[in-house]
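Secondary and tertiary structure notes
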Amino acid sequence: MSYVNKPVRKKDAMALVTGQPVYTDDLAPKDCLVVKVLRSPHAHAWIEEIRTENAMKVPGIACILTYEDVPQDRFTMAGQTYPEFSPYDRLILDRRMRFVGDAAAIVAGETEKAVDRALKIIKVKYKVLEPVLDFHKAKDNAVCIHPEDNWESRFPVGADNKRNLCAHAEEGDGDVEKILADCDCVVERTYHTKANQQAMMETFRSYTYMDHFGRLNIVSSTQVPFHVRRILGRALGIGASKVRVIKPRIGGGFGAKQTLVSEVYPAIVTVKTGKPAKMIFSRYESQICSSPRHEMELKVRIGADREGTIRAIDVYTLSNTGAFGEHGPTTVGLSGHKSIALYRNTEAYRFVYDVVYTNQMSAGAYRGYGATQGIFAVESAVNELAEKLHMDPVVLREKNMTKEGGRFIGYDGGTEVTSCALDRCMARAKEMFHWDEKFPRRVMENGKVRGVGVAMAMQGSSIAGVDVGGASVKLNEDGSYTLSLGATDMGTGCDTVLSQMAADTLMTDYDNIVVFGVDTDISPYDSGSYASATTYIAGKAVVKACESLKERIWDLGAGMLEVPREETDFDGSRVSRKDGSGAVSLEEIGIRGTFGNNDSLQVTENASSPISPPPFMVGMAEVEVDRETGSVEMIDYVAVVDCGTPINPNLARVQTEGGIAQGIGMALFEDIQYSERGQMLNNSLMQYKIPTRLDVGKIRVDFESSFEGSHPFGAKSIGEIVIDTPCPAIAAAVYNAAGVRVSEMPITPEKVAMGIAGIECENCKKDEF
Amino acid sequence: MEIKFILNGKKMQVDAAPDLLLLDLLREKGCYSVKRGCETANCGLCTVLMDKKPVLSCSMLAVRADGHEIVTLEGMQREAEEFGSFLADQGAEQCGFCNPGFIMNVFAMLEEMKEPTEEEIGEYLAGNLCRCSGFMGQTRSILAFLKYKKEQREGGSDR
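What counts, and where the lines are drawn
Residues numbered from 1 in each chain as written. Chains lettered and ligands numbered in written order. Predicted model: local features only at pLDDT ≥ 70, side-chain atom pairs only at ≥ 80, totals over all residues. Helix = DSSP H or I, 4+ residues; strand = E, 2+ residues; numbered from the N terminus. Rg over C-alpha atoms; globule rule 2.2 N^0.38 Å. Buried ≥ 20, exposed ≤ 12 C-beta atoms within 10 Å, placed from the backbone. Domains from an automatic or database assignment. Contact = placed C-beta atoms within 7 Å. Pairing = 2+ DSSP bridges. Axes fitted to C-alpha atoms, helices over the stretch in contact; angles between N-to-C directions. Arc of directions from axis to C-beta. Nonpolar A, V, L, I, M, F, W, Y, C, P; charged D, E, K, R; others polar. UniProt positions renumbered as here; feature names shortened; annotations may be inferred. Parallel < 35°, antiparallel > 145°, perpendicular 65-115°, else oblique. Core = buried A, V, L, I, M, F, W, Y, C linked by C-beta atoms within 7 Å. Left-handed = near helix turned anticlockwise from the far one by under 90°.

Per an unreviewed UniProt entry, chain B goes by the name 2Fe-2S iron-sulfur cluster-binding protein and belongs to Blautia parvula.

An unreviewed UniProt entry annotates chain A as Molybdopterin-dependent oxidoreductase of Blautia celeris.

**Points about the overall build of chain B**
Scanning chain B from N- to C-terminus turns up 5 helices and 5 strands. Reading the secondary structure of chain B in the N-to-C direction produces β-β-α-β-β-β-α-α-α-α. Since a compact globule built from 159 residues should have a radius of gyration of about 15 Å, the 16 Å found for chain B is in line with a globular shape. Taking the principal axes of its C-alpha atoms as reference, chain B extends roughly 50 × 35 × 25 Å. When the 159 residues of chain B are sorted by exposure, 50% land in the buried category.

**Some remarks on the overall build of chain A**
Helices and strands together make up the secondary structure of chain A, namely 19 helices and 27 strands. A globule of 769 residues ought to have a C-alpha radius of gyration of about 27 Å, and chain A, at 27 Å, matches this closely. Principal axes of the C-alpha set define a box for chain A whose edges measure 90 × 75 × 50 Å. Within the span of chain A, comprising 769 residues, buried residues form 61% of the whole.

**Structural notes on unusual backbone geometry**
All names here are of chain A. Cis geometry marks the peptide bond from Phe 439 to Pro 440, where omega comes out at -5°. In this structure, Pro 440 sits in the loop between helix 13 (435-438) and strand 16 (441-443). Note that the residue after Gly 517, namely Val 518, is joined by a cis bond; omega there is 0°. Tracing the chain through its elements places Val 518 in the loop between strand 20 (513-516) and helix 15 (534-561). Residues other than glycine seldom take positive phi values, yet Asn 164 does so here, at roughly 60°.

**Looking at the domain arrangement of chain B**
Residue and element names in this part refer to chain B. Taken domain by domain, chain B comprises domain 1 (2-74) and domain 2 (76-153). Listed as interface residues are 17 residues of domain 1 and, on the opposing side, 16 residues of domain 2. Listed by contribution, the elements that provide at least two residues to the side of domain 1 that touches domain 2 are strand 3 (47-50) and strand 4 (53-56). Sorting elements by how many residues they give to the side of domain 1 that touches domain 2 places strand 3 first, with 3 residues.

**So, the sheet that holds strand 7 (residues 165-173) of chain A**
Hydrogen bonds between backbone atoms are what pair the strands of a sheet, whose relative direction is either parallel or antiparallel. All names here are of chain A. Spatially, 7-15-14-13-8 is the arrangement adopted by the 5 strands of the open sheet, whose pairing is mixed. Only two strands of the sheet have a single neighbouring strand rather than two, namely strand 7 and strand 8 (185-193). Ignoring strand direction, the axes of neighbouring strands in this sheet form an average angle of 5°. Together, strand 8, strand 13 (295-304) and strand 14 (310-322) form the strand contacts of helix 10 (residues 371-388), whose direction differs from that of strand 8 by roughly 145°.

**A short note on helix 11 (residues 393-400) of chain A**
All names here are of chain A. All buried positions along helix 11 are accounted for by Pro 393, Val 394, Leu 396, Arg 397 and Asn 400. For helix 11, the angular spread of buried residues about the axis comes to 160°, placing them on one side. Its buried side turned inward, helix 11 meets strand 14, helix 10, helix 12 (422-433), helix 13, strand 17 (449-458) and helix 18 (726-738).

**Here we look at the interface of chain B and chain A**
With 41 residues of chain B in contact, the opposing surface of chain A contributes 45 residues. Those elements that place two or more of their residues in the side of chain B that touches chain A are helix 2 (77-90), helix 3 (99-112) and helix 5 (136-153) of chain B. Top element by residues in the side of chain B that touches chain A is helix 2 of chain B. It accounts for 8 residues. Looking at side-chain class alone, the side of chain B that touches chain A contains 20 nonpolar, 15 polar and 6 charged residues.

**Considerations on the sheet that holds strand 2 (residues 45-51) of chain A**
Residue and element names in this part refer to chain A. Read from one edge of the open sheet, 3 strands run 4-2-6, paired in antiparallel fashion. Each having just a single partner strand, strand 4 (96-97) and strand 6 (123-128) make up the two edges of the open sheet. Pairing between strand 2 and strand 6: 6 bridges, direction antiparallel. Paired with Ile 50 across the bridge in strand 6 is Val 124.

**Examining the UniProt feature "domain: Aldehyde oxidase/xanthine dehydrogenase a/b hammerhead" (unreviewed entry) in chain A**
If you check UniProt for "domain: Aldehyde oxidase/xanthine dehydrogenase a/b hammerhead" (unreviewed entry), the listed places come out as residues 18-130 of chain A in our numbering. For residues 18-130 of chain A, helix accounts for 16% and strand for 30%, while the C-alpha atoms at its two ends are 52 Å apart.

**Points about the domain arrangement of chain A**
Residues and elements named next belong to chain A. When cut into domains, chain A gives domain 1 (29-131 + 198-288), domain 2 (132-190 + 294-416), domain 3 (418-458 + 613-769) and domain 4 (469-607). On a C-alpha basis, the centroid separation for the pair domain 3 and domain 4 is 42 Å. On the side of domain 4, 12 residues touch domain 3, which itself brings 12 residues to the contact. Classifying every residue of the side of domain 3 that touches domain 4 gives 5 nonpolar, 5 polar and 2 charged.

**Focus: the packing of helix 2 of chain B against helix 3 of chain B**
Residue and element names in this part refer to chain B. Taken N-terminus to C-terminus, the directions of helix 2 and helix 3 make an angle of 100°; their axes are 11 Å apart at the nearest point. Taken together, the axes of helix 2 and helix 3 are roughly perpendicular relative to one another. Residues Glu 79, Ala 80, Phe 83 and Gly 84 of helix 2 form the contact with helix 3, whose participating residues are Ile 103, Val 106 and Phe 107. Here the residues of the contact of helix 2 with helix 3 sort into 5 nonpolar, 1 polar and 1 charged.

**Concerning the pairing of strand 12 (residues 277-280) of chain A**
Along any regular strand the residues' side chains alternate between the sheet's two faces. All names here are of chain A. Along strand 12, one buried face is formed by Ala 277 and Met 279 and the opposite face, lined by Lys 278 and Ile 280, is buried too. Both strand 1 (residues 33-39) and strand 12 contribute to a ladder of 2 bridges, which runs parallel. Directly across from Leu 33, in strand 12, lies its bridge partner Ala 277. Here strand 9 (residues 205-210) pairs with strand 12 via 4 bridges, running antiparallel. Paired with Tyr 207 across the bridge in strand 12 is Lys 278.

**A few points about the nonpolar core**
Judged by nonpolar contacts, the single largest core of 296 residues is most densely connected at Ile 106, Ala 502, Val 542, Ile 730 and Val 734 of chain A. Beyond its immediate sequence surroundings of up to four residues, Ala 502 of chain A is in contact with Val 473, Tyr 481, Leu 483, Ile 513, Val 542 and Cys 546 of chain A.

**Some remarks on the packing of helix 2 of chain B against helix 5 of chain B**
All names here are of chain B. Contact geometry for helix 2 and helix 5: axes closest at 8 Å, N-to-C directions at 130°. When the axes of helix 2 and helix 5 are compared, the pair comes out oblique. Like other packed secondary-structure pairs, helix 2 and helix 5 cross with a definite hand, here right-handed. Taken together, the residues of helix 5 that come into contact with helix 2 (itself represented by Phe 83, Phe 86, Leu 87, Asp 89 and Gln 90) are Gly 137, Gln 138, Arg 140, Ser 141, Ala 144 and Phe 145. Residues belonging to the contact of helix 2 with helix 5 are distributed by class as follows: 5 nonpolar, 4 polar and 2 charged.

See the structure below:
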């Protein structure tokens, strides 16, 4: 029996569908102190005085902390491998307020009511400073957001806090200007994406308590338990050995929980008071002070000859990291690396970027991690290029797309294209979608127009040379296995997928694998579930550990049979003499492991990879535009994905559908708007509209799999790539329907209607071809 | 204020503060399946049944439950397992956080309609957000469940 590439049920499915109490807030002790944060009403301010005496008198208040009560070593909340690329620019509480919502004080009390009352009574005297709210004007602005002397960038990412610069770099190959000047057709455009919220259904939350060894225990809805331990050890000044992190079930992550958004607040309360404490972010807080996508503006220049060979790509990205630098230096890289590398004929490319601080909410990691922004820009420019060349955008891509066996241009996760079925993805998508019949538009009987658009995408599978997957597997005395993981299942099913790989490697039943994760005291080290790493890199660790344990079981079994190992076979359930004269079962071997035994039947392995083999995909969108109101309705979305071998086709399909829906949200609905004084306005799910089931149309998914040779089952990632195509594909579809190119996400009816009103004549002309 | 209501078949008598929300009361009483996804009645995660009709427990004062019958997923475990297995067979439960509210509303829908069409399903459940699944798998699971139920009614299925 093989389980890989089979749609088995998730290990935790029945607990989840029956509503068992398995999430952070369900598990928190009832007598936890309730922790809340007093938040700055100003985008940029200096706390001159903060008075807490009266608030402390509220019955039930256990502690109130201000900037005077916290360690003074700066740190980053970015859940990244040490030394982090993100600058050390945070204190738990700072005197300088850097955005509306920044933490001014921490209040802990026995009841929520007491805490709410105390929050109102704290008196803060702010000296209001001029904020930097326009990210175009942030670099070298007279207003410095991080003037402090102990600001530190531990990695050479081109950062300079005195210039409001979180990162800067220039990369490239060949003479872009020369090639562009020589091109028959050049498109030059600027694209803008907003600081979208992951909006996972479970907001940020953690609870903390001291254990019998005097260590701080943190139960948190996090994607990065091991990074939480290390970072909090530093932030609290107690050292990582004094911290234990436990991850229960997580109600969605999407990268949001790759940053320590909530952990530090209950943690410091427990350290100060010795009492258990919990912090549950409201949706309001999750919207205004969390870890959303980096707002980016990309200037793209792309040139081709008249036959449609793309010869040069030039990308400049300006990224807004907000008040703090979490994931700032790294997300921006993907905006170029994962977009430029989609094309194989490029003779020259250039990729330049600036990441700037502003007085807005700090950004973080969101599914796609910069690739989403970059792919929107480059794929939109390619769509426009196709139109200029009078070519079908599918044909233009077929001519230029990256191919297996070729070399990547401008990709940082490897030079050779080890596995790629992008051509088959395009062919299959075209067929499923009936592209040739629908491109570019159809006028419907009711006067509405249906337009179609296409885009390609790639992502990575783990961070090359950095990410570490970990797995520990042991044989129990009943012949079952326990698979211990450091990777964090956040609902997408890595506990299940990794168990499937373990079952196949150990030649045992899927139900014979007990899976456990994550507790930093007992789980093997793993960098965590992000960067599309788990199936690929933790999968490699699982197989390595299982292979190694298999050898030990076999050795022990042969010893029990008192013959050399070469004279035995192991089929996963028993070790038997080749001559058929005897056998021992897995259970017997397991029991043998528990007495008079010197060889552990437990193996722990790590895995890392020098390459990050990209998954690829094609997305095709059909929208219906009402040309009178500008409203855009999703009709159909076809996604064909090459994620290598889908380990669990059901979970891969649902991830794809989910990513497409999230991408549709980004493309059509999810807006981020700030008031003039820097208050974020889309601060609830009422103002920040994520798609409902009526907003996404039909999403159809298929797979065209390559086989990635560097993974034991040929698998690559799928978690992030699936959000990358909707923005450019939908923008192109809207253009083909309405003649309006919207280069700033989201494509609201207002933008479309204004566009139609403004370009009516020009548009009539455009309709001619 | 003293209120009396029936929670999952059991008589309850509680002293509820005037500003206590039904959601918080239910969690206090151990119904941890009831989740809060927003505070603005947008997500549907806190859906429970009051007298067999779906209500958003985040937007209802606990005292309004006085004299009524409240059912949460804790009170429908057998049904949850039955329908939930269809969700699980699609892999559409994902993180699971929205599942209880979604499933309660599915039960409310089936109370009103025996064989809803795909369009009716979409409209009835439009208030139940899910950020993981993209909704397609949820719809597939409902359709498969309806088919199973129909076959069961007609005496065909041995699932």
